[in-house]
Amino acid sequence: MEISQPTSILSQSSSTINTTSIHASMEHLQTTIRDMEAFDAAHADVIQMLLATPSPHAMKRYYNQLASEGIGPWLKVQYIGQTMGKGVFAAKDFDEGEVVLREPKLVGIQNAHSKEDSLVCSFCFCYVGSLELQLRWKLFARGHLRPIRGTNLQGDSQGTDNQCLEQHARVESDGDERICDPPSSVSTSCLGTEICNYKCRSDESEEQSAKRRALSFESFSWISDDALRLPFGDVFPLPHIVECRGGCHEDLFCSEACAEAAWEAYHCLLCTGSKSLCPNKSLLSEFKQFADETNDIFHLAAQVIANVICKCRKLESVATEVKSEEDAKARNTRMLLEAWEPFAMGHKRLWWESIALPEDVDPAEEDVFRNQMKELAANSLGLLKKVLFMEEYAALFSLEVYGYIIGMFELNNLEIVVASPVEDYFIYIDELPHDAKCEAKKITKPALEALGEDYASYCQGTGFFAIQSCMNHSCEPNAKAFKRDEDRDGQAVLLAIRKIEEGEEVTISYIDEHLPLEERQLMLADYGFACQCSKCLQDREASLN
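The paragraphs below set out a description of the structure included in this document. Residues take numbers from 1 onward in each chain, read along the sequence in its written order. For this predicted model, a pLDDT threshold of at least 70 governs which residues receive local features, and a threshold of 80 or more governs which side-chain atom pairs are given and counted, while totals over whole chains, interfaces and linings are taken from all residues. Side-chain numbers come from the whole structure's heavy atoms, not from hydrogens or water.

1. Quick notes on the overall build of the protein chain
Convention followed: Comment: elements are numbered from the N terminus, with helices defined as DSSP H or I runs of at least four residues and strands as E runs of at least two. In this scheme, a residue with accessible area under 20% of its type's maximum is buried, one over 50% is exposed, and one in between is partly exposed, where area comes from a 1.4 Å probe on protein chains only.
Of regular secondary structure, the protein chain possesses 19 helices and 14 strands. Residue burial in the protein chain is summarised as follows: out of 545 residues, 54% are buried.

2. Concerning helix α10 (residues 281-294)
Here is the rule: Multiplying one less than the number of residues by 1.5 Å gives the expected span of a helix. To obtain the arc, one takes the directions from the helix axis to the C-beta atoms.
With 14 residues, α10 should cover 20 Å at 1.5 Å per step; its first-to-last C-alpha distance of 20 Å lies within 8% of that length. Taken residue by residue, α10 has Leu283, Leu284, Phe287, Lys288, Phe290, Ala291 and Thr294 as its buried positions. Looking down the long axis of α10, one finds its buried residues gathered within 155 degrees of arc, a one-sided arrangement.

3. Here's the deal with the pattern of salt bridges
For clarity, the threshold we go by: Salt bridges are defined by distance alone: a side-chain nitrogen of Lys or Arg within 4 Å of a carboxyl oxygen of Asp or Glu.
Using the criterion set out here, one finds 19 salt bridges in the structure. With its nearest N and O atoms 2.7 Å apart, the salt bridge here joins Lys92 to Glu98. Across the pair Glu260 and Arg245 runs a salt bridge whose closest N-O atoms are separated by 2.6 Å. With Glu260 in helix α9 (residues 256-270) and Arg245 in the loop between β7 (242-243) and β8 (252-253), this residue pair connects regions lying 15 residues apart in the sequence. Take Arg245: its relative accessible area is 38%, and that puts it in the partly exposed class. Connected through shared salt-bridge partners, Arg102, Arg484, Glu486, Asp487 and Asp489 make up one network.

4. Thoughts on the environment of Ser457
How we decide: A contact between two residues is defined here by any heavy atoms of the two lying within 4.5 Å. N or O atoms closer than or at 3.5 Å make up a polar contact, with two conditions inside protein: a donor-capable atom paired with an acceptor-capable one, and, for residues adjacent in sequence, both atoms drawn from side chains.
Secondary-structure assignment places Ser457 in the loop between α17 (434-451) and β10 (459-464). Taking the C-alpha atoms as reference points, Ser457 and Glu423, separated by 34 residues in sequence, lie 7.5 Å from one another. Excluding its chain neighbours within four sequence positions, the residues that come into contact with Ser457 are Asp117, Tyr127, Lys138, Arg142 and Ser420. Separated by 2.7 Å, the side chains of Ser457 and Asp117 make a polar contact. At 2.6 Å, the side chain of Ser457 and the side chain of Lys138 are in polar contact.

5. Let's talk about the state of the cysteines
To keep it simple, the criterion reads: The disulfide definition used here is simple: a pair of cysteine sulfur atoms within 2.5 Å.
Under the defined criterion, the tally for this structure stands at 0 disulfides. Sulfur of Cys312: no disulfide; nearest cysteine sulfur belongs to Cys310 and is 9.4 Å away. The class for Cys312 is buried, based on a relative accessible area of 0%.

6. Observations regarding the packing of aromatic side chains
Applied cut-off: The aromatic pairing rule takes the rings of Phe, Tyr and Trp, using the six-membered ring of Trp, and pairs them if the centres are within 6.5 Å, calling planes under 30 degrees apart stacked, those over 60 edge-to-face and the rest tilted. Whether a charge lies above a ring is judged from NZ of Lys or CZ of Arg, which has to be within 6 Å of the ring centre and within 35 degrees of the ring normal.
Taken as a whole and assessed by the stated rule, the structure comprises 16 aromatic pairs. Within the aromatic cluster, the residues linked to one another by ring pairs are Phe232, Phe236, Tyr425, Phe426, Tyr428 and Tyr455. Above the plane of the ring of Phe123 lies Lys105, whose end atom (NZ or CZ) is 4.3 Å from the centre.

7. Quick notes on the sheet that holds strand β4 (residues 107-110)
Which entries qualify depends on this criterion: When DSSP finds two or more bridges between two strands, those strands count as paired. Comment: axis = line fitted to C-alpha atoms, over the contacting stretch for helices; angle = value between 0 and 180 degrees taken between N-to-C directions.
Reading across from one edge, β4-β10-β9 is the order of the 3 strands in this open sheet, with antiparallel pairing throughout. Strands at the two margins of the open sheet, each flanked by one partner only, are β4 and β9 (414-418). If you compare each strand with its neighbour and ignore which way they point, the axes differ by 30 degrees on average. Of the strand pairs in this sheet, β4 and β10 are connected by 4 bridges, and their pairing is antiparallel. Bridging across to β10, Gly108 finds its partner in Gly463. Those strands touched by helix α11 (residues 297-318) are β4 and β10, and its axis lies near 145 degrees from that of β4.

Below, the structure written as structure tokens:
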């Protein structure tokens, strides 16, 4: 098949609703919104403080601190006004193509469907393991291979990698009969691979399935060889896998530093492993399953709440003792507001009021849909409260705060993409001198043909970024999110698409700015504003003439 050059970008992201699962989930999870609203009323004073718009002075202090840490050092976040809110301005001239911002996420997740295809660090999103492992994982996800007992999927002698991947393979393959249906005598929790008798995938015809099966059995004997080394594979080295500190097998890391950072930031409370600090791991699994079946955005909300609790605990560990219950309550509120500060800065609207109406929902049923979304959020929160609730930070678990957290993501999330080393590898092979390419393709061609266009699939996720989320929209933007060849993790990277003068506002486009005026305005209405950029004004004037 023809190999195409990759284009790796980041784009404004919105959540995806699994409407098929919603109604089924509702039947099993009946959370009373009235009870939650009564809970909110009891904590209204702290909720109001959490959701208050930070003062311009507080904003300036927070974003100056980020700049001092090397995050957006040549950008200034400034309050523009009530209508526009904040904006990001250049503190120096930027040439076309220059990096305007490179920023790590505050919170972020890999999409559930992407986990089936790409093994990446759960904290920084860089690929892990080895090139051979990544290729096997793609083939495994598509039903060409299955794990077998006692062999080594990693293709090296790293015991930690083997143990971690053994469990990860089991976690990712549980219940997926659509791709592969191994007999009960074969353990899907082990690392080696064998060519798989599999069912026809739901997204292909029987003819396509037969072609894949023929390719598998005639050409894949080499892939089950534990000693397999791809030709020129050493050109694409990857970091070894580091397992989660808590012993869960859902999250993998590229380094001890990333494993530690995730644990300290949020994962210690969201880990299902034996060393997790989560007070109710069984219900945590139920919450995660609910989020997987309905909306990934609930995973992000859980990260925020866990992150704030972790920060509060650190503040509490160094706080002075108080003598009265009233003083303790005031101290807890101060700690909560301090830990909440990064998320206080984000622009927010209630999720069920801001989420875009799906195309398959009749506009006449909009109120019903939005009430369903509110109930969905309430069900999610009800599960999370059973997992993490702490009385001293009760306001953090209010339905109103939860709705604004998710709404903040709905309006401000950025899609995270990281190019796959498998794609890079096949492009590299295709560009070799003729003789070397022909020799290498004796090994690589069967896998490439089996993967089809999926050879170019990449890691996808969604994240919330402190500075990028402050950037306003323009249909004539001067910057765009774009991943260069050297950008191999989940950080947001924004490039100038024309010269940007010092003091000029840095803008991006939330939508496809090449669409006609009416379509642009309709899409931007979901963000709660009517664009008044120069392009929109010119297009309106032209439509009147």
